[in-house]
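Remarks on the overall topology
In case you want the letters, here they are:
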Amino acid sequence: MLLTRPRHAEQLPVSIDRRRVYVLPTRFGLFFSVLLLAMVVGALNYNNNPALMLGFLLGGAGMASLLAAQMQLTGLEIAAIDAEPVPAGQPLMVRVHTRAEPSRRRRGLRVDDDGAGGGGVPAGESALLNLDQGHGEAQLALPTRRRGWLELPRLRVYTLRPLGLARAWAYIWSDAPLLVYPTPEEHGPPLPTGSGENVQTRLHASGDDVHHLRAYRTGDSRRAIAWKPSARRDSLIVREYEQPLGADVVLDWNALSGLAWEPRVSRLARWVDEAERDGRRYRLCLPGQAHLGPDRGVQHRHACLRALALLPDATEATEATDPREIA
Amino acid sequence: MSALPPQTLDDVSRRWALGAAALCLLPLLLQLPGWLAMVIAVGGIALTAAGWRRQLPLALRVATTLAVVGMVLAAYHFRFGRDTGCALLAGMLALKPTETAHARDARSLIGFSLFAPFATFLLDEGPVSLLLGLVAALVGLAALQRIAELESGDSRFALPISARLRSVGHLALVGLPIALVAFWLFPRLGTPLWGIPQRAMGSSGLSDTMEPGQWLDMFVNDDPALRVRFFGAVPRQDQMYWRGPVMWDFDGQAWRQPAWAQALPPAPSQPSSTRWDYELEFEPTERMQLVALDIPMQAPALARLGLDHNLQAAAPLTSVTRWRLASSPPARYQADLPDRFRDAALALPDGFNPRTLALAREWRRDAGADDTAIVDRALAWVRRDFAYTLDTPPWGRNAVDEFLFDTRAGFCQHFSASFVVLMRGAGIPARVVTGYAGGYKNVFSDYWIVRRSDAHAWAEVWLQGRGWVRVDPTAAVAPERIYDTLADRMPGAGGLFGALGSQAWNLRDWMRRGWNNLALGFDAQRQSQLFKPLGVDRLRSRDLIILFGLFTVLAITWMAWLSARGQREPDPVIRAWHRLQRRYRRHGLACAPHEPAGQWAERVRLEHPDQGAALAQLSDRFVAWRYAPLKPGPRSVDQVRRELVRDLRRHRPLSPGGRP
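Residues numbered from 1 in each chain as written. Chains lettered and ligands numbered in written order. Predicted model: local features only at pLDDT ≥ 70, side-chain atom pairs only at ≥ 80, totals over all residues. Heavy atoms only, no water.

Comments concerning the overall build of chain A
In terms of helices and strands, chain A carries seven helices and 17 strands. Burial status across chain A gives 48% buried among its 327 residues. Contacts spanning at least 24 positions in sequence make up 65% of the contacts within chain A whose residues lie at least 6 apart. In the structure as shown, chain A presents an accessible area of about 16500 Å², 52% of it carried by carbon and sulfur atoms. (Helix = DSSP H or I, 4+ residues; strand = E, 2+ residues; numbered from the N terminus. Buried < 20%, exposed > 50% of the residue type's maximum accessible area, 1.4 Å probe, protein only. Contact = heavy atoms within 4.5 Å. Areas by Shrake-Rupley, 256 points an atom, 1.4 Å probe, with all protein chains shown as cover.)

Some remarks on the overall build of chain B
The helix and strand tally for chain B stands at 24 helices and 19 strands. Counting every atom, chain B has about 31100 Å² of accessible surface; 60% of that belongs to carbon and sulfur.

Section: the side chain of Arg107(B)
Inspection of the secondary structure assignment puts Arg107(B) in helix α5 (residues 103–113). Beyond its immediate stretch of four places on either side in the chain, Arg107(B) contacts Phe28(A), Leu163(A), Gly164(A), Leu144(B), Ile147(B), Ala148(B) and Glu151(B).

Details of the packing of helix α2 (residues 49–73) of chain A against helix α7 (residues 127–151) of chain B
Relative orientation of the contacting elements α2(A) and α7(B) amounts to 20°, with a least axis distance of 11 Å. Taken together, the axes of α2(A) and α7(B) are roughly parallel relative to one another. Crossing handedness for the pair α2(A) and α7(B): right-handed. Between α2(A) and α7(B), the residues in contact are Pro50(A), Leu54(A), Leu57(A), Leu58(A) and Ala61(A) and Leu130(B), Gly133(B), Leu134(B), Ala137(B) and Leu141(B), respectively. Each residue belonging to the contact of α2(A) with α7(B) can be placed in one class, and the counts come to nine nonpolar, one polar and no charged. (Axes fitted to C-alpha atoms, helices over the stretch in contact; angles between N-to-C directions. Parallel < 35°, antiparallel > 145°, perpendicular 65-115°, else oblique. Left-handed = near helix turned anticlockwise from the far one by under 90°. Nonpolar A, V, L, I, M, F, W, Y, C, P; charged D, E, K, R; others polar.)

Details of the UniProt feature "transmembrane region" (unreviewed entry) in chain B
Residues annotated by UniProt as "transmembrane region" (unreviewed entry) correspond here to residues 20–46, 58–78, 130–148, 168–186 and 544–564 of chain B. Regarding residues 58–78 of chain B, the helix share stands at 86% and the strand share at 0%, and the terminal C-alpha atoms are separated by 27 Å. (UniProt positions renumbered as here; feature names shortened; annotations may be inferred.)

What about the pattern of salt bridges?
All names here are of chain B. Applying the stated rule across the entire model yields 36 salt bridges over all chains. The partner of Arg-227 in a salt bridge is Glu-281, with the nearest N and O atoms 3.3 Å apart. With Arg-227 in strand β2 (residues 224–231) and Glu-281 in strand β7 (residues 276–282), this pair connects stretches of sequence that are 54 residues apart. Accessibility expressed as a relative area gives 4% for Glu-281, which makes it buried. One salt bridge connects Glu-279 with Arg-322, and the closest N-O pair in it is separated by 3.9 Å. Of this pair, Glu-279 sits in strand β7 while Arg-322 sits in strand β11 (residues 321–327), and the two are 43 residues apart along the sequence. The exposure class assigned to Arg-322 is partly exposed, which follows from its relative accessible area of 22%. Shared partners join several salt bridges into a network, and the residues in it are Arg-227, Arg-229, Glu-279, Glu-281, Glu-283, Arg-322 and Asp-509. (Salt bridge = Lys/Arg side-chain N within 4 Å of Asp/Glu carboxyl O.)

Describing the state of the cysteines
If you walk through the whole model with that rule in mind, you get zero disulfides over all chains. Take Cys304(A): it sits in no disulfide, and the sulfur closest to it among the cysteines is that of Cys285(A), at 9.7 Å. (Disulfide = S-S within 2.5 Å.)

Brief notes about the interface of chain A and chain B
Taken together, the 51 residues of chain A in the interface contact 63 residues of chain B. Carbon and sulfur atoms make up 70% of the area that chain A and chain B hide from each other, which totals about 5100 Å². Across the contact surface, chain A and chain B share zero salt bridges. At the boundary of chain A and chain B, one finds five residue pairs in polar contact (both at pLDDT 80 or more). Among the elements that line the side of chain A that touches chain B, the one with the most residues is α2(A), at 17 residues. Along the lines of polarity and charge, the residues of the side of chain A that touches chain B split into 29 nonpolar, 13 polar and nine charged. (Buried area = accessible area lost by both parts, 1.4 Å probe. Polar contact = N/O pair within 3.5 Å; in protein donor to acceptor, adjacent residues only side chain to side chain.)

Let's talk about the nonpolar core
With 84 residues, the main nonpolar core has Phe32(A), Leu58(A), Leu28(B) and Leu32(B) as its most contacted residues. Listed in part, the 68 residues of the second largest apolar core include Leu379(B), Met423(B), Val469(B) and Val477(B). (Core = buried A, V, L, I, M, F, W, Y, C linked by side-chain atoms within 4.5 Å.)

Some words on the sheet that holds strand β7 (residues 135–142) of chain A
All names here are of chain A. Sheet architecture is open: four strands sit in the order β1-β3-β4-β7, paired in antiparallel fashion. Both outer strands of the open sheet, β1 (14–15) and β7, are each paired with one neighbouring strand and no more. Direction of pairing for β1 relative to strand β3 (residues 77–83): antiparallel, over a ladder of two bridges. Bridge assignment links Val-14 to a residue of β3, and that residue is Ile-78. (Pairing = 2+ DSSP bridges.)

Overview of a positive patch on the surface
All names here are of chain B. A cluster of basic residues, Arg-579, Arg-582, Arg-585, Arg-586, Arg-649 and Arg-652, forms a positive patch at the surface. In terms of residues, the positive patch owes the most to one element, helix α21 (residues 572–585), which gives three residues. Within the fold, Arg-579 resides in helix α21. The exposure class of Arg-579 is partly exposed, given its relative accessible area of 40%. (Patch = residues over 30% accessible without salt bridge, like charges linked within 9 Å, V, L, I, M, F, W, Y side chains within 5 Å. Lys, Arg positive; Asp, Glu negative; His and termini not counted. Charge placed at Lys NZ, Arg CZ, Asp CG, Glu CD.)

Points about the pairing of strand β4 (residues 92–99) of chain A
Relative to β4(A), β3(A) is paired through six bridges, and the arrangement is antiparallel. Among the inter-strand pairings, Ala83(A) is bridged to a residue of β4(A), identified as Val94(A).

So, the UniProt feature "transmembrane region" (unreviewed entry) in chain A
What UniProt calls "transmembrane region" (unreviewed entry) maps, in this numbering, to residues 21–44 of chain A. As annotated, residues 21–44 of chain A has a helix share of 75% and a strand share of 17%, and its two end C-alpha atoms lie 35 Å apart.

Section: the packing of helix α12 (residues 354–367) of chain B against helix α15 (residues 412–425) of chain B
All names here are of chain B. As a packed pair, α12 and α15 sit with axes 8 Å apart at the nearest point and diverge in direction by 50°. In this view, α12 runs oblique relative to α15, as classed from their interaxial angle. As α12 runs across α15, the sense of the crossing is right-handed. Between α12, through Thr-356, Leu-357, Leu-359, Ala-360, Arg-361 and Trp-363, and α15, the contact on the second element is made entirely by Val-421, Leu-422 and Gly-425.

Here's the deal with empty space enclosed by the protein
Space left empty within the atom packing is revealed by a probe, the size of a water molecule, rolled over the atoms. All names here are of chain B. Under the counting rule described, the total for this entry stands at eight cavities of 30 Å³ or more. The calculated volume of the second largest cavity comes to roughly 60 Å³. In terms of lining, the second largest cavity is formed by Ala-378, Trp-381, Val-382, Phe-403, Leu-404, Phe-415, Ser-418, Phe-419, Leu-422 and Pro-473. Examining the composition of the lining of the second largest cavity, we find that four residues originate from one element, α15, more than from any other. Here the lining of the second largest cavity is composed, by residue class, of nine nonpolar, one polar and no charged. (1 Å grid on protein atoms, 1.4 Å probe; cavity = no way out; pocket = protein on both sides within 12 Å on 5 of 7 lines; lining within 4 Å. Points joined across faces, edges and corners; volume = space filled by probe spheres on them.)

Observations concerning a nonpolar patch on the surface
A surface patch of nonpolar side chains, amounting to about 530 Å² of accessible area, comprises Leu23(B), Leu26(B), Leu30(B), Val128(B), Leu131(B) and Val135(B). By the element assignment, Val135(B) lies in helix α7.

Describing the packing of aromatic side chains
Residue and element names in this part refer to chain B. Under the criterion given, the structure shown has 25 aromatic pairs over all chains. Ring geometry for Phe-386 and Phe-403: centres 5.3 Å apart, planes at 50°, overall tilted. With Phe-386 in the loop between α13 (371–385) and β13 (387–388) and Phe-403 in helix α14 (residues 399–407), this residue pair connects regions lying 17 residues apart in the sequence. Looking at Phe-403, the relative accessible area reads 4%, which means it is buried. Of the aromatic side chains, those joined through ring pairs into one cluster are Trp-363, Trp-381, Phe-386, Phe-403, Phe-405 and Phe-415. Sitting above the plane of the Trp-16 ring, Arg-164 keeps its charged end 5.6 Å from the centroid. (Phe/Tyr/Trp six-rings, centres within 6.5 Å; stacked < 30°, edge-to-face > 60°. Lys NZ or Arg CZ within 6 Å of the ring centre and 35° of its normal.)

Regarding the sheet that holds strand β17 (residues 448–451) of chain B
Whenever strands of a sheet pair, they do so through backbone hydrogen bonds, lying parallel or antiparallel. All names here are of chain B. Read from one edge of the open sheet, five strands run β11-β7-β2-β17-β16, paired in antiparallel fashion. Edge positions in the open sheet fall to β11 and β16 (440–441), since each of these has one partner strand only. Pairing of β16 with β17 involves two bridges; the strand directions are antiparallel. Paired with Lys-441 across the two strands is Trp-448, which belongs to β17.

Here's what the structure looks like:
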């Protein structure tokens, strides 16, 4: 049976059988074997049986450690790989979920990305993977460069244990891509003023108009405490302010015609975050798509950023449609 | 491969690494001269302590390294040998811990440390070294394991020492099959690839010179020099003269064995009817000198006999060797002495021992031509007027004169040397023979032990018609000193505890000999006869290599099985249940991970009503065994379990695909 490595991305879950596990000596392992070789040749030359036995015992233990390293990986099942999307440029925290029969201790396995970062991007650091009670997960930081679907690189699960003489590893290559959001613009203009109908107000802790007093809740700022009323009532009272907020924000792709393609994506991404932070309802209008919203909340934000992330590249977009229609 | 940045050692790992290095160093230090070992040990500990928190400056480290190299070389008088190399290794190892800051350093420290037990075995193959060496190697592996844990980023669990040793011991046990296969079948070298380095310092073996006082060290050394197993007749204890170097040349101070005697073929001898067949197991001495019962009939392979039946091996005896020999006390031994040998056996240096020579001439005048009378007269005198003692003054210029006329007390060197000078003065050809005398039977087994302290020197005189005849003047004075006739000459003797001690010594030596038989004396020749009991007379190298390959594959398979066994479910019921599930899986009826046993059986029953009933019943029993409290019944718990396991194992899905 030849060793097999995945040549194409494959669907998870994948279980690592012994034919997918590679075992090769580490540099120290090579040094150790040279040492043992010297020992054995010396012992043979002097016909010194204890020395020979010592050499062979150490060699046997080394061989056993190779097997043990392989056993650490075989039977391991990669159940799923997922990640919370992040803006491009920030490392994507990839979670590798694994499970295995709990009959064997699998501790101190590591996961890395096999140097796939390449091209000037430093390879991600490796992450620890311990399996307690038959399951465990590793969190691996993968560098991201551009928005859109990130094809997962071939990941590698490896271990140097038990003796550090050999490295046993197996490749996992998931075909499920992970999403990377666009990078929000760093310094940009404020949100466009709202043009919707529904004017609403929001309670705001630092507004100007005093609205009313209420009982203290944990987490309230000390500055908001109204000391005089509190003293009268024997309990802490907090001032609550009210500030008028604008109408729904409309984030319109076509309104930004002065900008190039990617900066436009960046600005919209920033505005989505800003609107979300201010708690305003917003609507995202992208070319060739139904409008998103108006709405607010985590779900809506993700939907908007996802739509932005999946916008085609400038070049693709130009090829696909009439540039004037979009610009 | 993305490498992690150099991992700094934590205190636990560093302690493991340093402890392993110290343990590896210990057996080697025990083999070095005491003061040197002390200096290395104390220096190593001091430097390690000084460099524990902060690395010592480079200049200091270079200086100490040079100092250690210089000191070791000076200790061995700048002679290079195996022990010089080993002492250098010990010194270097003692210095290495000062530069152990990262995991890499610790690894290389342990790697080099594992060489120390190896070096120890080159110096000493004894059981103490062996035990210490194996323990050290095991701890070394445990330290490696600890470092690997540290590097894997999962050193949360500080395993107790015993658990760590156990897990390394498990690795070693799994590795044992291949180690044993390699040990017994890896082809040995019939002849070494390169020269055997000798020890720079002499060890206490028989030497080809005999100088005054030289043997006092040996007399206090109770270590076995050789062990003997007799086949058939066993000589009387007072006949056990183990013949070694024969000294002809005397320069007034030292006796020497002449090179020409060793180069000549053995002198003709007429064996008597007595014949002793025996096997010698010779402890290593670093010399080529062997001994044999007086006198060996012919040389075994890889050894040769000189003119005076002095047996020498072809190569230095660096490890335990075995020799099959036959000896016979001669009826006539070189009955015709050619003139050149007669001259050599009569030569005396000018200007030494005038009183002895005068006495010898006087005796010759009294005796006329009767050589035997002179020998008898000398022996009678020795018996009457001399005493045995190891406490002797240093020899002066006319040592023989002083011994015969002034002190009249000494040990075998004095007796034999003086006797030979006296005989030569009287015109009787004579020579000094050295070797061992006596022997001691181990009560635990049928073999004899000759210790280094049994070293002895006696005389041979050439008598007309009889040839060389052995005369032992020491025996005339102190036979008990030679033949081990007194109980208190037994090792570890004295009182009740002495008796126990001597039994313990016997037992220890018996085990040592067993170990020698099993492992130490195993060489190319014995390896080639490995399958003799199976009727294969001789294995050639090619056969060995094929066998080695074959058994290696077997051993690795076994190792893989041993390693994989960790995954085996310990409970036989669950194991049988899993196997049953696997059988269904092959038929496309796998039990899903989330599916309870009963639900799965129910599903199978719905899909294949013809075969579900038996499975449902089995799963009920399985669930009851697993989860229900056991009801006291007519059958014992064991019985219930056995029956359940049996039924689970027997059950098969009805037909492939679940379809009739």
